[in-house]
Structures are given as structure tokens and as C-alpha cells.
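Survey of secondary and tertiary structure
Spelled out, the chains give:
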Amino acid sequence: MSAARAFTLHAGPRAAAHVHKEGLRPQHVACVPAAAGGPKGLALVPLDKWLFGDWLAGSSRVEQVGASIGAWRMYAAAQRDAVPALERLAEGYLSQRFPHRATPQQVAAECRRFVRTILEGTRLDTLRPGARLSVITARARGVLHGASSRSAFARAALANTWSRPRLAAHMERVVFTAGGSAFPAERFDAFGLSRIGFTQDNLEDALLASGSIPLVCEPVRNPAGAPRGDYWDGGLIDYHLLLPYRMLEGLVLYPHFVTHVTPGWLDKFLPWRARPRSHPWLDNVLLVAPSRALLERLPNRKLPDRNDFYRYARADEQRMRDWRRALGECQRFADEVATWISNPDPTLLQPL
């Protein structure tokens, strides 16, 4: 692959065979996932704008599923006017300001302000006709129920180190849905699957909950229409959305910021889970991510990330300038991916 190319492509066997034989058209796409990952997700907004403002704008069967910033991206992308909604998301996110040594209450207040920025001018009835939206959250149970202490989360992290199913004793998957979303359709692992319909009464809380990071932010408590309890970032369970995509008929087009799919947020600290080898659930997945060549062009030679809030402490204007520069560079990524999707060259595909 050319060192100057802005993107890299990885495909499961079924996805690769499909592109070789039939190319890639909007009607081939059954799902677009959007991972948790904080500011790294901003890098994908320029591509989101093309995908949902143009290429997939007329599609009525695409499942859009996200956690944390991915949930916010997919809500904006599901709007009839997706491009201005995504632009509002990007500007609102990079404009966040937090006090030095902010408390969880202060972080929660700023995050709620940001979610209201995303929601500005939108309602459930402004979703694109046929849009199928799923937002993943993690509901606390066991020792985490009603607790937000370091010791409680340390116990959960220890359980996860032993095995992912043991983490399910501490949290369960609750998915808020709109538009007849049917993925995932049934329980597929130890974390369970509660599906709750979006309403105007729970929309803000559900979106906020999906990005509420434990110990950094307060949880969202008792969203309307959902089981009572404390709701946290969906990425705790489904960080990079390693979901049973083989249930779907069609391809999964996955814009991502890395070339691997880590199951849960806590797994990124475990080398044997952080970069899992090929997985049968990824058989029909086509993943596109920024290349190393693109990252070399960005400030600090990396995508924006949550550590930047500490790295640029008391220097918010500089952080915002650097993040805007990074977003500008990521337009090149979006343009090159759009060109490839419009006329796919299967020789660029690498194994996923």
C-alpha cells in the first residue's frame, strides 16, 4: 500500500469476496457501527458527512449502532439533515471546556450541555425515514449498583481480567432504539440485551448515559422507560462493537479509527484481548481506518484523544486549534475513502 495513502482497508473473508465479485453499492450495506473512543471519533465525522449526507442518504435498511461518541455520531447521522447535525456535533465536542481538576458533577454538567447541542433542532420525528438507530449503554448491577467508587470499579476490572463473562456480574447491556432497529435482535453473550424504545422523555438521558465515563462523570440515573439504575458509557461493554454481525444479511461498513476491534473498554489494557485475531462475527465486515501516513500529518502525530484534555490543561484555545487542524486533515481521509467506495479496488483489501 502506498505510504502516502490516507486510509487502510481490512475485510473479513465474506466481505472481501463480495467486493471482489460485486463491488460496493449502498444497497449492499446492512450496518454501520460507530465505536466508543472519545475525541478519536471526531476523525470520522468528515466521512460520516459524505456517507450519510450523500452515499447512504437514500437507504432505508441500514442499522446504525453506536456507543459513547459513536452513539452521538450515529444519532446525528440518522437525521434527515445529517450534515449540519454532524457539524454541530464536531464543533460542540471540540468546544467543551472543563475546570482544572473537574469533579464528576462538573463533567456531567458540561457533557449534558454538549448533548443538548447535538439535540438542538432535532426530535425523534426528524430522523431520516427508515433510519434504524441503536444506542448502547451499560447499566450497573452487583457491587456497581448505586456505587461509583474506585474500589467498586477495581473489582469490576479484576473480574474482567479473569474473563469477560465475569464482568457481566457488574453490568448489563441496555440498548435504546428507534426506527424499527432490529440489531442485535437477541441476546448473544453474558451481558444480556434489554431493548428500550427511544422517547422524547429518555432521548437526552440515553445519549448522555452512553458517554458517561465512570469515575470521570456522574452516571445517568433512571432514564424514563428503562429499568431503574445507574447507566454508564456503553463502551464499557462494547468498546469497538464486537457484535454478531453475521446475523445480518449484507455487509457491515465500519469506519474506525484503528485497524482492530477491541471487545470492551477494559480489554484495551489486556494485550491478549486488545487486538484479537480474526473473529467469525467479523466475516462480513469491511473496516476502513486512517493510515499511519495520515496520522503523521496531524498535530502530535496522532488523532485527538481524551488525554488531550490533560495535555492542554488551561490551554483550551490551543487544543481547539489543533483539533480543528486534525479535522481538516481528516477531510483528506474522507475524500480518499469516498473515491475508493465509489470505485472499489479490491487489491487494497487486507485481512481483518
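Further up the page is the structure itself.
Report follows, based on the coordinates. These figures come from a predicted structure and were not determined experimentally.

1. Observations regarding the overall build of the protein
Each helix and strand counted, the protein has 12 helices and 11 strands in total. Its C-alpha atoms give the protein a radius of gyration of 19 Å, near enough to 20 Å, the size a compact globule of 352 residues would have. Overall, the C-alpha framework of the protein stretches about 50 × 45 × 45 Å when taken along its three principal axes. By the burial criterion, 59% of the 352 residues in the protein qualify as buried. Long-range contacts, defined here as pairs at least 24 residues apart, represent 76% of the contacts in the protein between residues at least 6 apart. A total of about 14,500 Å² of accessible surface is found on the protein, and carbon and sulfur atoms cover 50% of it. Of the side-chain charges in the protein, 46 are positive and 33 negative, and the distance between the mean point of each set is 5 Å.

2. Overview of the packing of aromatic side chains
Applying the stated criterion to the full structure yields 13 aromatic pairs. These aromatic residues form a ring-pair network of at least three members: Trp72, Tyr93, Phe98, Phe114, Phe309 and Trp323. Above the plane of the ring of Trp323 lies Arg319, whose end atom (NZ or CZ) is 4.7 Å from the centre.

3. Focus: the pairing of strand E3 (residues 63-67)
Counting buried positions along E3 gives 5 out of 5 residues, so the element sits mostly inside the fold. Residues Glu63, Val65 and Ala67 point to one face of E3 and Gln64 and Gly66 to the other, with burial holding for every one of them. For strand E2 (residues 29-34) and E3, the ladder comprises 4 bridges, and the chain directions are parallel. Opposite Ala34, over in E3, you have Gly66 as the bridge partner. Two strands pair when backbone bridges link them, and E3 and strand E4 (residues 132-140) are joined in this way by 5 bridges, in the parallel orientation.

4. So, the nonpolar core
Judged by nonpolar contacts, the single largest core of 110 residues is most densely connected at Tyr245 and Trp340. Considering each element in turn, this core owes the most residues, 11 residues, to helix H12 (residues 316-342). Setting aside residues no more than four positions away along its own chain, Trp340 makes contact with Phe7, Leu9, Val19, Leu24, Leu286, Asp345, Leu348 and Leu349. Phe153, Ala168, Phe191 and Ile237 belong to the second largest nonpolar core, which has 14 residues in total.

5. Quick notes on the side chain of His240
Relative to the assigned elements, His240 resides in the loop between strand E8 (230-233) and strand E9 (251-255). On the accessibility criterion, His240 (3% relative accessible area) is buried. Polar contacts involving the side chain of His240 include one to the main-chain carbonyl oxygen of His260, which spans 3.4 Å. There is a polar contact of 2.9 Å between the side chain of His240 and the backbone nitrogen of Thr262. With near-sequence residues (within four places) excluded, His240 lies in contact with Ala35, Ala36, Tyr254, His256, Phe257, Val258, His260, Val261, Thr262 and Pro263.

6. Things to note about the pattern of salt bridges
Across all of its chains, the model carries 26 salt bridges by this definition. We note a salt bridge from Lys49 to Glu87, for which the minimum N-O separation is 3.3 Å. Taken together, the residues Lys49 in helix H2 (residues 45-55) and Glu87 in helix H4 (residues 82-94) connect sequence positions 38 residues apart. Classification of Lys49 by relative accessible area gives partly exposed; the value is 23%. Classification of Glu87 by relative accessible area gives partly exposed; the value is 41%. Of the charged contacts, one joins Arg97 and Glu317 as a salt bridge, the two residues approaching to 2.2 Å between their closest N and O atoms. Highlighted residues: Arg97 in the loop between H4 and helix H5 (104-119) and Glu317 in helix H12, separated in sequence by 220 residues.

Rules used throughout
- Residues numbered from 1 in each chain as written.
- Predicted model: local features only at pLDDT ≥ 70, side-chain atom pairs only at ≥ 80, totals over all residues.
- Heavy atoms only, no water.
- Helix = DSSP H or I, 4+ residues; strand = E, 2+ residues; numbered from the N terminus.
- Rg over C-alpha atoms; globule rule 2.2 N^0.38 Å.
- Buried < 20%, exposed > 50% of the residue type's maximum accessible area, 1.4 Å probe, protein only.
- Contact = heavy atoms within 4.5 Å.
- Areas by Shrake-Rupley, 256 points an atom, 1.4 Å probe, with all protein chains shown as cover.
- Lys, Arg positive; Asp, Glu negative; His and termini not counted.
- Charge placed at Lys NZ, Arg CZ, Asp CG, Glu CD.
- Phe/Tyr/Trp six-rings, centres within 6.5 Å; stacked < 30°, edge-to-face > 60°.
- Lys NZ or Arg CZ within 6 Å of the ring centre and 35° of its normal.
- Pairing = 2+ DSSP bridges.
- Core = buried A, V, L, I, M, F, W, Y, C linked by side-chain atoms within 4.5 Å.
- Polar contact = N/O pair within 3.5 Å; in protein donor to acceptor, adjacent residues only side chain to side chain.
- Salt bridge = Lys/Arg side-chain N within 4 Å of Asp/Glu carboxyl O.

These values are about where atoms sit, not about what they do.
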